[in-house]
Amino acid sequence: MGSTRKPPANGEHIAILPLRNSVLFPMSVVPINVGRPRSVQLVEDLSGQERALVGVVTQRDPNAVEPTFDDLHQVGTLARVIKVIRLGQNNYSVVLNGLGRFRIGEPVGLEPYMQAKVDRLRASKSTEPNADLLAQKLRDGTRALMALLPDLPRELSGILDNVHEAGALADLVVANLPEDLAKVSERQQILEAVEVDERLILVMNLIDRQLSVLKVRDEIADQIRDEMSRSQREYVLREQMRSILEELGETGEQDDIDELRAKISRLELPEEASATARKQLSRLRGMQPQSAEYNVARTYVEWIADLPWHKTSSDQLDVKRVRQCLDEDHYGLDLVKKRIVEYSAIRQLRKDKKGPILLFVGPPGVGKTSLGRSIARAMGRKYGRISLGGVRDEAEIRGHRRTYVGALPGRIVQALKKVGVKNPVLVLDEVDKMGADVRGDPAAALLEVLDPEQNSTFVDHYIDLPFDLSQVMFLATANDRSGIPGPLKDRMEIIEVAGYTRMEKVQIAKQFLVPKQLRDHGLTDEQLEITTEGIELVLDHYTREAGVRGLEREIAALCRHAAVRLAEHKGEAPPARTDADFIEQVLGIQKYRPELAERKLSPGVATGLSVNNAGGDLLFIEVTRMPGKGKIHVTGNLRNVMKESAATAVSYVRSRAERLHLDPEWLKTTDLHLHIPRARAARDAAGAGLPMFIAVSSLLLGVAARPDTAATGEMTLRGRVLPVPDIKAKILAAHRAGIKTVVLPEGNRNDVQDVPEEVLSNLDLRFVERVDQVLPLVLEEPSGPLAGSAGEPDSASAPDHHVT
């Protein structure tokens, strides 16, 4: 190469200099640092030549250290070497002047540096008139960009004024743009645009895009400046307001409002709740703090701020943990625990949080409420309890409207504020004790609360904003399912918690009640030894209940006595032991005696089974006769169902008088009196028909009923025995009282599956379909012939195989 070397023709061989992160454009002069071995070799060969030519091509991958031709773009810029400056032993700075575009035709070699045959690229002349118009638009756009970006190179202004050729203008504009405005890929795309029109359009699109970005940025900046100005203005006004209030001595109330405003702004309230709170805060600023309306509005905003609109606790739905927690907190109740574990497993698999509302029905003291606490502990949720006993006002559930004096939210919202999360376990206690009057029906208000299709937008009258209750796990408890309105009962799944057996009560006392009471009274096992025999003695003679609440009270009485005795002796008293003398000394004479099953019953007395609010219980039916005119007296504060059962029993005996060896006219000269001493205590009147028939037959036949036998069931005039509810509770009551044989309707045979095996093993259950099968099972052996037991029954069905 000589100093007079001309640009190479198409297909001429030249040296190639690869660039990493830049693009060289024609008509531009750019210094380039060179440090790679091949590039250094190229520069050293060219350094002794004047006005040497080299092909400058941008790499596709800037990380390639020794690129091949596959790593280079196909279009580059032919440049003249103007100056070479040695910066170090293997480092040069080369000043290049771009001349024109070329395309790599055929690679020649890589060593000692890259060489190839190239083809020059030239634009056609046909688009020059259109190019002038595009060039003018490019000048206008670039000037607008320079107005928004004053830091752009000053050379751009001279280029716009002095460069008249359209293609050169486009190349020089993009070459002088900073790298953040024009990326390497965009520069290469413009370099590859040979036609002037296409090149101008690409550069104009680049300029227009940057103008759009800058305009949006300026608009945002203006908005921010306006907002800051508004905030500063409000700050100044608030400071002036604070100074005025300080002069008036009313700064305390204003500070509270500011704190409320700051608290509301920090909370992520729903849009409607946030707007309502801000509106009320604005009203507060214009009120006198001494006014009643001020306190109402302020209390309302505080309630909005304190509700857990978005705060939740994370669920720990592990079935093993649920089962473990239930076993730790409760003894027995296997069927109840099984259903709760199933419920938890479904909640673990389903993510929509919906499921049935569990209703635990059973007598007091069986652990219904504490089951809810165990479920909350097992699931890692907060626990809340709402007592509904005696609630007769709908506003207790939905809240009072703020127009009333002393208005408050309903108990649901109050409980959520107390627990502090929106997904707690809420136990609705004693739903069967609610009432209704002129103030509304709270049970109807609960329908929306417990309906998963509606409670996601529950509106409390006081808050007057929709609140999501769909994540709350509702549980309910009741003593009597008949006291729950039908629509409300339909929302829930009923789980019976009938009561405990004697063995279960002993184990509950040993594992839970005794350690708890010793701990509560500051005693140890050495200071008071509560033996198993002592617990059984308390159970047999001092308590008679389905649950264990009374048992816990008696154990607490024993602990109190021991604590007083220990305190009087200053901690030096000998250890106490719960033998019979100690228990009688502390608890007094025995309240219940176990001779019920051993005593001799007189004719006219029968033992039935009933259910009251404390669980199952025995029901005694007494019948006597006297001279008269055939009247029947029924007493005992009976309900209509029992009165009908008594009339049915007497009518059936009259219809079977001949079979029972009775005078068919026996009632003409006799009055009958049926009395049930404890009928009023029975919660469910169903089941007394069969015992009434037994009592009337026993009296007229002169044969006593067996004292260790009880019966339950209803009867028809045709002699069929009908099934009755609450079989489990009645069987447990018979077992507690020492009954050995229980006569049950055949229709209740499947209901005994829920009874613990320990109870069934100690009872002889007899199932009957007709009344004629009953008397041989319940009456003592008669001294004379008994036609009712020896005759043929009315149907082909025979008694159970237990009948003797």
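Before reading further, recall that the structure is shown in the block above.
Let us look at the structure shown here. (Residues numbered from 1 in each chain as written. Predicted model: local features only at pLDDT ≥ 70, side-chain atom pairs only at ≥ 80, totals over all residues. Heavy atoms only, no water.)

**Considerations on the sheet that holds strand β7 (residues 357–361)**
- Ordered in space as β8-β9-β12-β7-β13, the 5 strands form an open sheet in which the pairing is parallel. Each having just a single partner strand, β8 (383–387) and β13 (492–496) make up the two edges of the open sheet. Put simply, the sheet's adjacent strands are angled 25° from each other on average, direction ignored.
- With 4 bridges connecting them, β7 and strand β12 (residues 473–478) associate as parallel partners. Bridge pairing links Leu 359 to Ala 476 in β12.
- Relative to β7, helix α11 (residues 334–349) is tilted by about 170°, and along the sheet it contacts β7, β12 and β13. (Pairing = 2+ DSSP bridges. Helix = DSSP H or I, 4+ residues; strand = E, 2+ residues; numbered from the N terminus. Axes fitted to C-alpha atoms, helices over the stretch in contact; angles between N-to-C directions. Contact = heavy atoms within 4.5 Å.)

**A closer look at unusual backbone geometry**
- Residue Pro 112 is reached from Glu 111 by a cis peptide bond, and omega for that bond is 0°.
- For Pro 112, the location among the structural elements is in the loop between β5 (91–109) and β6 (115–121).
- One non-glycine residue, Met 27, lies in positive phi territory at about 75°.
- The phi dihedral of Asp 464 is positive, around 60°, even though this residue is not glycine.
- Position of Asp 464 relative to the elements: it lies in the loop between β10 (458–459) and β11 (466–467).
- Taking the relative accessible area as the measure of exposure, Asp 464 reaches 47% and is therefore partly exposed. (Buried < 20%, exposed > 50% of the residue type's maximum accessible area, 1.4 Å probe, protein only.)

**A word on the side chain of Lys 505**
- Of note, Lys 505 is situated in helix α17 (residues 502–520).
- For the buried Lys 505, no salt bridge is present, and the opposite-charge side chain at shortest range is Glu 545, 5.2 Å distant.
- Not counting chain neighbours up to four residues away, the residues in contact with Lys 505 comprise Tyr 500, Leu 539, Glu 545, Ala 546, Gly 547, Val 548, Leu 551 and Arg 736. (Lys, Arg positive; Asp, Glu negative; His and termini not counted. Salt bridge = Lys/Arg side-chain N within 4 Å of Asp/Glu carboxyl O.)

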